[in-house]
Amino acid sequence: MTTAPQSVLRLATPADTSALADLARRAVSAKFEYLYKPEDFATFMEAAHSDAKVAKEIADPGMRVAVIEEDGALIAFCKLVLESTLSAGYSDAQRPLELKQLYTDPTRIGGGLGKRLMDWAMAEAGREGADEIQLTVYSENVEAQRFYHRYGFAKIADIEFWVGNHCDPEFLYARRMLAQTDGLAGAEQV
Ligand SMILES: CC(C)(COP(=O)(O)OP(=O)(O)OC[C@H]1O[C@@H](n2cnc3c(N)ncnc32)[C@H](O)[C@@H]1OP(=O)(O)O)[C@@H](O)C(=O)NCCC(=O)NCCS
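Rules used in this analysis
Residues numbered from 1 in each chain as written. Predicted model: local features only at pLDDT ≥ 70, side-chain atom pairs only at ≥ 80, totals over all residues. Helix = DSSP H or I, 4+ residues; strand = E, 2+ residues; numbered from the N terminus. Rg over C-alpha atoms; globule rule 2.2 N^0.38 Å. Buried ≥ 20, exposed ≤ 12 C-beta atoms within 10 Å, placed from the backbone. Contact = placed C-beta atoms within 7 Å. Pairing = 2+ DSSP bridges. Axes fitted to C-alpha atoms, helices over the stretch in contact; angles between N-to-C directions.

Re the overall build of the chain
Here comes step 1: Helix and strand content of the chain: five helices and seven strands.
Here comes step 2: In the chain, the succession of α and β elements from N to C terminus is β-α-α-α-β-β-β-α-β-α-β-β.
Here comes step 3: A compact globule built from 190 residues should have a C-alpha radius of gyration of about 16 Å, and the chain, at 16 Å, falls within 12% of that.
Here comes step 4: Along the longest, intermediate and shortest principal axes, the C-alpha atoms of the chain span 55 × 45 × 30 Å.
Here comes step 5: Across the 190 residues of the chain, 32% fall into the buried class.
Here comes step 6: In the chain, the share of contacts with a sequence separation of at least 24, taken over all contacts with a separation of at least 6, comes to 69%.

What follows is the structure, given as structure tokens:
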């Protein structure tokens, strides 16, 4: 008899560094690489998704990095920055938190992993006492925008996102937290 694979959502540890950086590079490349000149994309990937950068983020007490692991492989992740710096001038939130990246393995899109991570992120924001969750999304990424709308996010500003020397139009999204317990129901604890 074969058993269905079990997946677990947990905080990343230093031992996850290379697997997480590899997953991030594959996921980001699959979604966005076609948009850019190779040199711009390479510059961006080195700055944002090198092993060294990921190791720093996992160790950062101002961040929380969550992964979903299945059969020893990482299949999805997201990163939280507990004190968002995105919204200066755009939001009057007092304690905004940033959802920095949310990706599944490219072969696992649409399988509910994103929902699990978003539920966890919202619960974590509630536990941290955040009054708003903020994120940025590429203006043409309508699939992700639909996903975020479902969780109550809305666009609050047009901003820019630089990939090497290439500037993209990007949207700043925000979602107010109603109370400390907002988002806690049904979320996985790690
Ligand atoms: C966005 C993402 C993390 C959502 O996770 P998921 O596990 O695919 O989502 P779920 O299965 O929980 O929910 C399904 C929803 O995901 C979104 N989605 C589906 N395909 C998608 C795609 N190719 N790209 C982005 N979002 C997608 C849709 O909103 C979908 O809802 P729908 O079926 O009603 O259209 C995941 O699709 C992903 O990694 N996409 C590519 C990378 C990306 O765009 N990340 C966000 C950067 S801001």
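Re the environment of E98
Here comes step 1: Locating E98 in the fold gives a position in strand β4 (residues 96-104).
Here comes step 2: Assessed through the 22 C-beta atoms surrounding it within 10 Å, E98 is described here as buried.
Here comes step 3: Put simply, E98 and Y173 are 75 residues apart on the chain and 9.9 Å apart in space, counted from C-alpha to C-alpha.
Here comes step 4: Setting aside residues up to four positions removed in sequence, E98 forms contacts with L80, V81, S84, L86, Q134 and L135.

Quick notes on the sheet that holds strand β7 (residues 166-176)
Here comes step 1: Strand order in the open sheet formed by seven strands is β1-β2-β3-β4-β5-β7-β6, and the pairing between neighbours is mixed. Here the strands that pair on one side only, and so sit at the sheet edges, are β1 (7-11) and β6 (154-163). On average, each strand axis in the sheet is inclined to that of its neighbour by 25°, with strand direction left out of account.
Here comes step 2: In terms of strand pairing, β4 meets strand β5 (residues 132-138) through three bridges, oriented parallel. For L97, the partnering residue across the bridge sits in β5 and is I133.
Here comes step 3: Packing of helix α4 (residues 113-127) onto the sheet brings it into contact with β1, β2 (63-70), β3 (73-81), β4 and β5, and relative to β3 it is tilted by some 30°.

Any functional reading would require information beyond the geometric quantities listed.
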